[in-house]
Each structure stands twice: as C-alpha cells, then as structure tokens.
Amino acid sequence: MEVSERNKHHYILSVFIILLAFIFDNAHCIRFPDRVAQPARDQTDQHHLQTAVFALGSFWRSEAVFGCLPGVVRTTVGYAGGSKPNPEYRSFGDHAECVQVEYDPRVISFRELLDIFWSSHDPRQVYGQGPDVGNQYRSIIFVNGTEESRMASVSKEQEQTRSRSSIVTTLIIQLGTFHPAESEHQKFELKQNTFLLQLIGNLPEEELESSSLATKLNGYVAELCPPNIQKHIDAKINEIIKKGWPILREL
C-alpha cells in the first residue's frame, strides 16, 4: 500500500513538472523576476573617481542631464549651499536643489562637466528655471579647492561673453556639506518607468540609487542622453524584448 501511494505521488509530481516545462517553453513574453541581485557594483576603479556638485534648477532633471555622459559613474540628488543642518524636501531652508556627479576624470574632465552645466539651463534667469521659480532653483557651481574655482570662474567668463545684454547669475561657491535627498527623489525619471525597473531586475532602493546602470537609464528615460548613447540603449532594450530575456545588466 505504501509503495502504491508513493508511486502516485511521483506520477503527480512528474505531470506537474511537464506542465511547467510546456508553459515556459511556449511563453512569448518577457518573464520578469521579482528580484535579481545586482552584479559587481562597477567596473571602474573606485580610487580614480572624483565628484562634482551643480545646482541648475529642479534636481530631478539635473540628475538626468549628467547620467548618460561617458565617464559618469553615478549621480545623487540633494541639497547644498545653505545653512539648515538637516534639510528635507519639505523644509530645506536656504539650500539649493543640486546633483552630485561621481565621475572618472580619465574619461571626462571637470571642464567638460562645466560645459554640460552651462548648456543644460539658463544661467541668466534669476532664482529659477522655466516654470520652477524660487531660491532653491538658483544656478550654482560648487567647487572643491582652488583649481576647480579657477576653472569655474574662467568658464563663467566665457559664458558671459556669449551674451553681453544680460548677466550670468550663476554663483561659484566652495562646497560645504552635500545632503543627499530622500529616496523618492533619487533616479526620479527612471522610477516613472515600471518596465525599465523590471528590466534591470527590480533592484531594492539602496542598490538602485548607487547603480551605474540606473544612472544611465535615468538620463535615457528623460531623453537627455547624447544621440549615439540614446540609440545604443534603444537597440539594447529592443534586443532584450525580441529575445524575451528580462535582465539588462550593462550598457
């Protein structure tokens, strides 16, 4: 009696496995996992990385502006330039919304980041950018040391020569404390795209914030990548959709 019962259980289990194999073999859509461990954090040698901090309006868009640049490893939005000791989004006093850019100077220089800064907002607008008006949206280059201060000053003078009819209002300030913003503001553009979040494996918040891949995709979603990078990411995503394999690990 025991042998017969055991054979019955084996038969049911075998049928169940065959059904599962049939279902997965005939699936024609992308199979999204609930959670996939993030691979090695970065291929870049961490010892060579440097950081730069800029304020150029809403930090959601500012983060996306820098995310896709070659040499940029990761970005973080936050608050700087003010006196409030513990700024929060609903109460950050005289701080400005800004983005911290972690980059490899062997690939992209501080001077090149300055070029992106100038071309990505209107430095002549006083205390705001477009519809975003307020002290928190002012234009600032935060510098760390004499050399960065010199380069920032030179670039500001060059920007001023482009138009003598209006004043470049951008401030150049030595960076004090950079306060990272709350989690919901990090990689904001990417978080609006559920499909891409699934495509990279539904990373937990902490991994998503520090992910180089998420940094690039945040710029991609906002359509702020250089055209060649935007097309490259398009091709990668289309390839995954065609194959039906869910995980995008690198670009």
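Scroll up to find the structure.
Residues numbered from 1 in each chain as written. Predicted model: local features only at pLDDT ≥ 70, side-chain atom pairs only at ≥ 80, totals over all residues. Heavy atoms only, no water.

Caption draft 1: Region of the structure containing the state of the cysteines. For the structure on display, the rule yields one disulfide. One disulfide in the model links Cys68 with Cys225; its S-S distance is 1.7 Å. Separated by 157 residues along the polypeptide, Cys68 in the loop between helix H2 (59–67) and strand S2 (72–80) and Cys225 in the loop between helix H8 (212–221) and helix H9 (227–243) bring together distant segments of the chain. (Disulfide = S-S within 2.5 Å. Helix = DSSP H or I, 4+ residues; strand = E, 2+ residues; numbered from the N terminus.)

Caption draft 2: Spotlight on the sheet that holds strand S1 (residues 50–56). In space, the six strands of this open sheet follow the order S7-S6-S1-S3-S2-S8, with mixed pairing throughout. Looking at the sheet topology across the chains shown, the edges are occupied by strand S7 (171–174) and strand S8 (179–180). Here S1 runs beside strand S6 (residues 139–143); their pairing, made up of four bridges, is antiparallel. The residue bridging Ala55 from the neighbouring strand is Ile140, located in S6. Against the sheet, H2 engages S1, S2 and strand S3 (96–103), with an angle of about 160 degrees to S2. Set on the sheet, helix H3 (residues 110–119) makes contact with S1, S2, S3 and S6; between it and S1 the angle comes to about 15 degrees. (Pairing = 2+ DSSP bridges. Contact = heavy atoms within 4.5 Å. Axes fitted to C-alpha atoms, helices over the stretch in contact; angles between N-to-C directions.)

Caption draft 3: How the structure looks around H3. Along H3, the positions that sit buried rather than exposed are Phe110, Leu113, Leu114, Phe117 and Trp118. For H3, the angular spread of the buried residues around the axis is 140 degrees, confining them to a single face. In this structure, the buried residues of H3 make contact with S1, H2, S2, S3, S6 and helix H4 (146–161). (Buried < 20%, exposed > 50% of the residue type's maximum accessible area, 1.4 Å probe, protein only. Arc of directions from axis to C-beta.)

Caption draft 4: Molecular detail of the nonpolar core. Grouped together as the largest cluster of nonpolar side chains are 21 residues, with contacts concentrated most on Phe54, Phe66, Val101, Tyr103, Phe110, Leu113 and Ile141. Among the secondary structure elements, those contributing two or more residues to this core are S1, H2, S3, H3, S6 and H4. Broken down by element, the residue count for this core peaks at five residues, all from H3. If sequence neighbours within four positions are ignored, Phe110 has contacts with Ala52, Phe54, Tyr103, Ile141, Glu148 and Met151. Counting residues in each nonpolar core, the second largest holds 18 residues, with Leu208, Cys225, Ile233 and Ile240 among its members. (Core = buried A, V, L, I, M, F, W, Y, C linked by side-chain atoms within 4.5 Å.)

Caption draft 5: Structural context of the pattern of salt bridges. Tallied over the entire structure, the rule returns seven salt bridges. The shortest N-O distance in the salt bridge between Arg162 and Glu159 comes to 2.6 Å. When salt bridges with common partners are traced through the structure, they connect Arg124, Glu159 and Arg162 into a single cluster. (Salt bridge = Lys/Arg side-chain N within 4 Å of Asp/Glu carboxyl O.)

Caption draft 6: Up close: the pairing of S3. The buried count for S3 comes to seven of eight residues, which makes it a mostly enclosed element. Of the pairings in the sheet, the one linking S1 to S3 comprises five bridges and is antiparallel in character. The partner of Phe54 across the bridge, within S3, is Val99.

Treat this as a map of the structure, not an account of what it does.
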